[in-house]
Amino acid sequence: MKPAQVDAYLRRIGVTHPAWPTADVLRELQLRHLLTVPFENLSIHLGEEIVLEEKPLLDKVVGARRGGFCYELNGAFGALLKALGFDVTLLAGRVYGEEERLGIPYDHLALRVRTVDGGDWLADVGFGAHSHYPLAFGERGEQTDPAGAFRVIVAGADPAGVRGSAGEFGDLEVVRDGKSQYRLETRPRVLGDFVAGAWWHSTSPASHFTRSPVCSRVTEDGGRVTLSGRTLTVTDPGGGKKTEELVSDEEVLETYRKRFGIVLERVPVVRKSGD
């Protein structure tokens, strides 16, 4: 990433250029990213190609002031962190779905980030409702965050009977408020490894991303605002929700612009199979 691109990215999330890649800087960067860059799957419903390469990701997140889903958000964020001097490793995860079933391989992309002051962190700006701050990678006890109580623990057996381990490349489990969120592999990956997962989530009828447009971000008070289809949900820091059904296309487009900073020419529409 060129210096001008780094500066543009930092302006996008409202952060001044840090002097050192420390843990405190990483905390600020993750929170600001969650506040300003939405988690969204709108490209799927606008017929836009999703390309997991650095330049297209930066063009989308920084140039077009859009968001993305995990591969895009953590892919772009990881590139920024590397450019700022952090030691970044891409990790693959499998998300727990209905009835605690694990998703496909390369279901999720997260980041392991080491800082100059000796920190080792799990950073994730691409999981929707998740921790506001990075989680200590090696800490196995409870970690308190504005979004809940988190734990990063050695994983139990997966559906094939394979257990995690505390050794090199053993699987971990990321838990929020007592519920497993995703199973995390610790073997290093590269961005190209996630292409098949991104394709599946963008095209499969079994993927929840193809079923409805969604756009969501953390709000300044620590709550969340989400537009799913035409339903606008504002969640306060205590978990209380207010919903509103948007009727016209103009209301939807204005909500994308005012709530998420996303300017669209047309409303994203769920594509029928074969479209």
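Residues numbered from 1 in each chain as written. Predicted model: local features only at pLDDT ≥ 70, side-chain atom pairs only at ≥ 80, totals over all residues. Heavy atoms only, no water.

Within an unreviewed UniProt entry, the label attached to the protein chain reads Arylamine N-acetyltransferase, and the organism entered is Streptomyces tauricus. Of the comments in the UniProt record for the protein chain, the one headed Sequence similarities (unreviewed entry) reads "Belongs to the arylamine N-acetyltransferase family." (UniProt positions renumbered as here; feature names shortened; annotations may be inferred.)

1. Observations concerning the packing of aromatic side chains
Here the structure, examined in full by the defined rule, presents seven aromatic pairs. With centroids separated by 5.2 Å and ring planes inclined at 85 degrees, the aromatic side chains of F69 and Y71 adopt a geometry described as edge-to-face. Residue class for Y71 comes out buried when judged on its relative accessible area of 0%. For the ring pair F127 and Y182, a centre distance of 4.9 Å and an interplane angle of 65 degrees mean the geometry is edge-to-face. (Phe/Tyr/Trp six-rings, centres within 6.5 Å; stacked < 30°, edge-to-face > 60°. Buried < 20%, exposed > 50% of the residue type's maximum accessible area, 1.4 Å probe, protein only.)

2. What to know about the pattern of salt bridges
In this structure the tally under the stated criterion is 10 salt bridges. Close ionic contact of E40 with R66 constitutes a salt bridge, the shortest N to O distance being 2.8 Å. Placement of E40 in strand β1 (residues 39–40) and of R66 in the loop between α4 (54–63) and α5 (70–83) is noted, with a sequence separation of 26 residues between them. Look at R66 and you get buried, because its relative accessible area is 7%. Measuring nitrogen to oxygen at the nearest pair gives 2.6 Å for the salt bridge that ties E254 to R257. On the criterion of helical spacing, the pair formed by E254 and R257 is a turn pair, its members being three residues apart in helix α7 (residues 249–260). Take E254: its relative accessible area is 33%, and that puts it in the partly exposed class. Classification of R257 by relative accessible area gives partly exposed; the value is 43%. Residues participating in the shared-partner salt-bridge network are E40, E48 and R66. (Salt bridge = Lys/Arg side-chain N within 4 Å of Asp/Glu carboxyl O. Helix = DSSP H or I, 4+ residues; strand = E, 2+ residues; numbered from the N terminus.)

3. With respect to the pairing of strand β9 (residues 179–184)
Here strand β2 (residues 87–95) runs beside β9; their pairing, made up of three bridges, is antiparallel. Directly across from R94, in β9, lies its bridge partner R183. Turn length for the strand β8 (residues 172–176)-β9 hairpin, with the two strands adjacent in sequence and antiparallel, is two residues, and the turn residue D177 shows positive phi of about 50 degrees. (Pairing = 2+ DSSP bridges.)

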